[in-house]
Amino acid sequence: QVQLVESGGDLVQPGGSLGLSCAASGTIFSIGVMGWYRQASGKQRELVGTITSGGSTNYADSVKGRFTISRDNAENTVYLQMNSLKAEDTAVYYCNALIYDARDRELRSYWGQGTQVTVSS
């Protein structure tokens, strides 16, 4: 069984910074693309950005230049560093990973439980 556990959500003032982390554990053979998504109240879940196992990143236009995704392959962990936060960044943030399960070598998409980020003065 595979789990993704996120941490780091908090209340932060506009213009501030916050870091999120997401650790994968369980019957992992290997991990492919990892990413972050967010869902604001009353809106659909949207992509924040992704990172490949080789470190190539891709970001939504709304966060380019402000957010940075990184990962530690040895620790099966992905990070999201958010700077210059705006009120419109308020959302529940979810991590996602494409993981080959060691039990059957099947590739599956896994989601974390979500962590709340609130940007407000």
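Read on for a plain summary of the structure.

1. A look at the sheet that holds strand 8 (residues 77-82)
- Taken in spatial order, the four strands line up as 1-3-8-7 in an open sheet, and their pairing is antiparallel. Strand pairing shows two members of the sheet lacking a second neighbour, strand 1 (2-7) and strand 7 (67-72), which therefore form its edges. Sheet twist, expressed as the mean angle between neighbouring strand axes with direction ignored, is 15°.
- Where strand 1 meets strand 3 (residues 18-26), six bridges bridge the pair, whose relative direction is antiparallel. Considered in strand 3, the bridge of glutamine 3 is made with serine 25.

2. Considerations on the nonpolar core
- Counting residues in each nonpolar core, the largest one holds 30 residues, and the members touching the most others are Trp36, Leu80, Met82, Tyr93 and Ile99.
- Elements represented by at least two residues in this core include exactly strand 1, strand 3, strand 4 (28-39), strand 5 (46-51), strand 7, strand 8, strand 9 (91-101) and strand 11 (115-119).
- With five residues, the single largest contributor to this core is strand 9.
- The residues touching leucine 80, leaving out its near neighbours within four places in the chain, are Leu18, Gly19, Leu20, Trp36, Val48, Phe67, Thr68, Ile69 and Tyr93.

3. Details of the pattern of salt bridges
- Inspection of every chain in the model, using the stated rule, returns seven salt bridges.
- Here aspartate 101 ties to arginine 103 by a salt bridge, and the two come within 2.6 Å at their closest N and O atoms.
- What makes aspartate 101 buried here is its relative accessible area of 0%.
- Arginine 108 is the salt-bridge partner of aspartate 104, the closest N and O atoms lying 2.7 Å from each other.
- For aspartate 104, a relative accessible area of 36% corresponds to the partly exposed category.
- Beyond isolated ion pairs, a larger network of salt bridges with shared partners links Arg38, Glu46, Arg66 and Asp89.

4. Things to note about the state of the cysteines
- Scanning the model with the defined rule gives one disulfide in all.
- The disulfide partner of cysteine 22 is cysteine 95, and the S-S distance across this bridge is 1.9 Å. With the S-S dihedral at roughly 45°, the linkage between cysteine 22 and cysteine 95 falls on the right-handed side. You can see cysteine 22 sitting in strand 3 and its partner cysteine 95 sitting in strand 9, a full 73 residues away along the chain. This pair shows no difference in class: cysteine 22 is buried, exactly as cysteine 95 is.

5. Digging into the environment of cysteine 95
- Judged by its relative accessible area of 0%, cysteine 95 falls in the buried class.
- Remark: the alpha-carbon pair of cysteine 95 and leucine 47, spanning 48 residues in sequence, is separated by 9.9 Å.
- Excluding residues that lie within four positions of it along the chain, cysteine 95 makes contacts with Leu4, Glu6, Cys22, Gly35, Trp36, Val78, Tyr110, Trp111 and Gly112.

Calculation criteria
Residues numbered from 1 in each chain as written. Predicted model: local features only at pLDDT ≥ 70, side-chain atom pairs only at ≥ 80, totals over all residues. Heavy atoms only, no water. Pairing = 2+ DSSP bridges. Helix = DSSP H or I, 4+ residues; strand = E, 2+ residues; numbered from the N terminus. Axes fitted to C-alpha atoms, helices over the stretch in contact; angles between N-to-C directions. Core = buried A, V, L, I, M, F, W, Y, C linked by side-chain atoms within 4.5 Å. Buried < 20%, exposed > 50% of the residue type's maximum accessible area, 1.4 Å probe, protein only. Contact = heavy atoms within 4.5 Å. Salt bridge = Lys/Arg side-chain N within 4 Å of Asp/Glu carboxyl O. Disulfide = S-S within 2.5 Å.

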